[in-house]
Amino acid sequence: MLVAVLCLLFASAHAASIMQKMHLTGLDDKAPFKPETFAPTDAADPNFAEGFFLKDEAQSDGAVCLDGTPSAYYFKQGTGSGANKWYIHHQGGGWCESLDSCYERAHTDLGSSAKYPANSSLSGGYFDSDPAVNPQMYNWNMIFMRYCDGNSFSGNNASTTEYKGMTLHWRGKHILDAMINSVLTARGAAHATDIVVSGCSAGGLATYLHCDYWAEKIAAASNGNAKVRCMPDSGFFLDYEGKPQYHSGMIWAFNQQNSTSGVNQACIQAHTPTHDTELCMFAEHTAPHIKTPMFPLQAAYDSWQIPNDLGVTSSDTTEINTWGKNLTNLVMANLLKQPQHGIFLDSCYHHCGEWGNIRIDGLVQATAFQEWYDKGSEGLANKGFFNQNKAYPCAECCKP
């Protein structure tokens, strides 16, 4: 389908400012795409992150962006007690859901690495080096996986598509494999004691899709010595077909990119008898099959999902409250029935980027995640279910 015109991603200027500090601005999940801003820096920057362009993997395995350029990621070195601990982040930025939108995307940083800087700066939010802001991971090694395949690192289509004079490639799973191998071997994450796999928006969905795959690869490389946890941010997109046609767009992307082998394989096996494996492209259908402990950060009234999945405006309070109840029920039924998982489920109208700005049970996202990481869901009084549980709209819900 033609990609819909997108309203503002974030509900408040404050949320937008947080994302800008993280160098993660403009996380659109439909066109017009506004890729994150990555400014080059130098080694004197305390948040310096070196870029690694996987040219050999592009040649040997076709691990390439939509336009055929090599994939890339940025690496910020850990220090002190964090030297053997890793935070790994899938970039967000939506999906292309038609040949037109994939063609358009291939001319941006969300479909091509041609204009990626050689290095960048990673700071703010999950990347912050201030322990007051980021108590769990402030001095960890940081990996930022650039997103250029158009379908949450899941494509495994050996063929290409010629469209409007451009050759389009569908190789997200190969990019994922190349990055996993490079991070574990060349960067040294195989020696990690702790690894958190994360991502925001479409990168949050990627975290649901690939959490167990990451855990499997890490366990093999580390001989099972690394503690692995997943933390998707704003990735629980509901499987819904409204006016924006989100469901059908995602199904098109799944089929076009041949993503069957690029999503959670336990989900694929469960849905094979019913001939609906395409549903494994959605977090709500994948969640029941995720074994690795997971602590999502999620808004019940997600400010991207409301206009672009549900298809209503922010003034439609009745429909939005119903949406929030449905999302909460699906989280409880499909994710939290497995006791190893938790969640930070807030009632603020936002999408990503509220690492220290929403408080539930006395804790903001950063400290709630730290408590869950250290104690597990079973060790917490709320069993890992941080639930704000307020009706929409709730301005107070967005305050620390």
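Residues numbered from 1 in each chain as written. Predicted model: local features only at pLDDT ≥ 70, side-chain atom pairs only at ≥ 80, totals over all residues. Heavy atoms only, no water.

**Student:** Just to check I follow, could you spell out unusual backbone geometry for this structure?
**Tutor:** Geometrically, the link from Tyr-392 to Pro-393 is a cis peptide bond, its omega value of -5° lying close to zero. With respect to the helices and strands, Pro-393 occurs in the segment after β14 (385–387). (Helix = DSSP H or I, 4+ residues; strand = E, 2+ residues; numbered from the N terminus.)

**Student:** I tried to follow the side chain of Gln-256 on my own but got confused; where do I start?
**Tutor:** Assignment of secondary structure puts Gln-256 in helix α6 (residues 246–256). Only 3.3 Å separates the side chain of Gln-256 from the side chain of Thr-161, close enough to count as a polar contact. Apart from residues lying up to four places away in sequence, Gln-256 is in contact with Leu-99, Asn-157, Thr-161 and Trp-170. (Polar contact = N/O pair within 3.5 Å; in protein donor to acceptor, adjacent residues only side chain to side chain. Contact = heavy atoms within 4.5 Å.)

**Student:** Where do I start with the packing of helix α4 (residues 172–186) against helix α5 (residues 202–222) in this structure?
**Tutor:** In a pair of packed helices, the angle between the axes and the distance between the axes together describe the arrangement. Across the interface, α4 lies against α5 with an axial gap of 11 Å and an inter-helix angle of 35°. Regarding α4 and α5, the two cross each other, and that crossing is right-handed. Taking contact as the criterion, the partners of Lys-173, Leu-176, Asp-177, Ile-180 and Leu-184 in α4 are, on α5, His-210, Tyr-213, Trp-214, Lys-217, Ile-218 and Ala-221. Here the residues of the contact of α4 with α5 are counted per class, giving seven nonpolar, one polar and three charged. (Axes fitted to C-alpha atoms, helices over the stretch in contact; angles between N-to-C directions. Left-handed = near helix turned anticlockwise from the far one by under 90°. Nonpolar A, V, L, I, M, F, W, Y, C, P; charged D, E, K, R; others polar.)

**Student:** Would you take a moment to explain the environment of Ser-303 for this structure?
**Tutor:** Along the polypeptide, Ser-303 turns up in the loop between β10 (297–299) and α9 (305–310). Look at Ser-303 and you get buried, because its relative accessible area is 2%. In this structure the C-alpha to C-alpha distance between Ser-303 and Tyr-349, which are 46 residues apart in sequence, comes to 5.3 Å. (Buried < 20%, exposed > 50% of the residue type's maximum accessible area, 1.4 Å probe, protein only.)

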